[in-house]
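So you can see what is in the structure, the chains are spelled out below.
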Amino acid sequence: MESSYRRRTVRRRREEENLARKVIWPSIQGHSCPICFMDLEDRYREAAILTVCMHAYCIGCIRKWSNLKRKCPLCNSTFNSWFCKLSLSSREFRKEVLPLEGLTRHSRREVNASHLDARR
């Protein structure tokens, strides 16, 4: 008798394999990074696919872009995560979630304000 945990794990694994085969791989197949024009199919391990719109970029380019703004350069969709570290043989990938940019700016303002208050 199979446990419910095992069934959920197997089902989740199948869903991830389907996502990799039907959605992630077609996003990089025959495409290049729209920012630096690197061929993504040949260097798929260095690719990142935005989870919101499935547009693909090289990880270095989209990481730099995300430090400036969190909008897809192609369709202007707001994003906060991407799929990366793709393995075509095992159909595995990783979802990388970016830190909330609003909280970071707010935290910096609070730190700067507390330094100003301490000087008075």
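Residues numbered from 1 in each chain as written. Predicted model: local features only at pLDDT ≥ 70, side-chain atom pairs only at ≥ 80, totals over all residues. Heavy atoms only, no water.

A. Local environment of the side chain of R70. Mapped onto the elements of the fold, R70 is located in the loop between α2 (59-68) and β3 (81-87). Exposure remark for R70: the relative accessible area of 12% places this residue in the buried category. A polar contact is formed between the side chain of R70 and the backbone oxygen of S66, at a distance of 3.1 Å. (Helix = DSSP H or I, 4+ residues; strand = E, 2+ residues; numbered from the N terminus. Buried < 20%, exposed > 50% of the residue type's maximum accessible area, 1.4 Å probe, protein only. Polar contact = N/O pair within 3.5 Å; in protein donor to acceptor, adjacent residues only side chain to side chain.)

B. The arrangement of the nonpolar core in detail. Counting residues in hydrophobic clusters, the biggest one holds 24 residues, and the most contacted among them are I28, L40, I49, L50, I62, W82 and L86. Elements supplying a minimum of two residues to this core: α1 (4-28), β1 (47-50), β2 (56-58), α2 and β3. Leaving out residues up to four positions away in the same chain, I28 has contacts with L40, E41, Y44, A47, I49, A56 and L86. (Core = buried A, V, L, I, M, F, W, Y, C linked by side-chain atoms within 4.5 Å. Contact = heavy atoms within 4.5 Å.)

C. Spotlight on α2. Those residues of α2 not exposed but buried are C61, I62 and S66. Mapping the buried residues of α2 onto a view down its axis gives an arc of 130 degrees, with all of them on the same face. In this structure, α2 carries K64, N67 and L68 as exposed residues pointing more than 90 degrees from its buried face. (Arc of directions from axis to C-beta.)

D. Representation of the side chain of S81 within the structure. Inspection of the secondary structure puts S81 in strand β3. Look at S81 and you get buried, because its relative accessible area is 2%. Engagement of the side chain of S81 in a polar contact is seen with the side chain of T51, the distance being 2.6 Å. A polar atom in the side chain of S81 sits 3.5 Å from the side chain of N80. In this view, S81 contacts L50, T51, K95, E96 and V97; residues no more than four positions away in its chain are not counted.

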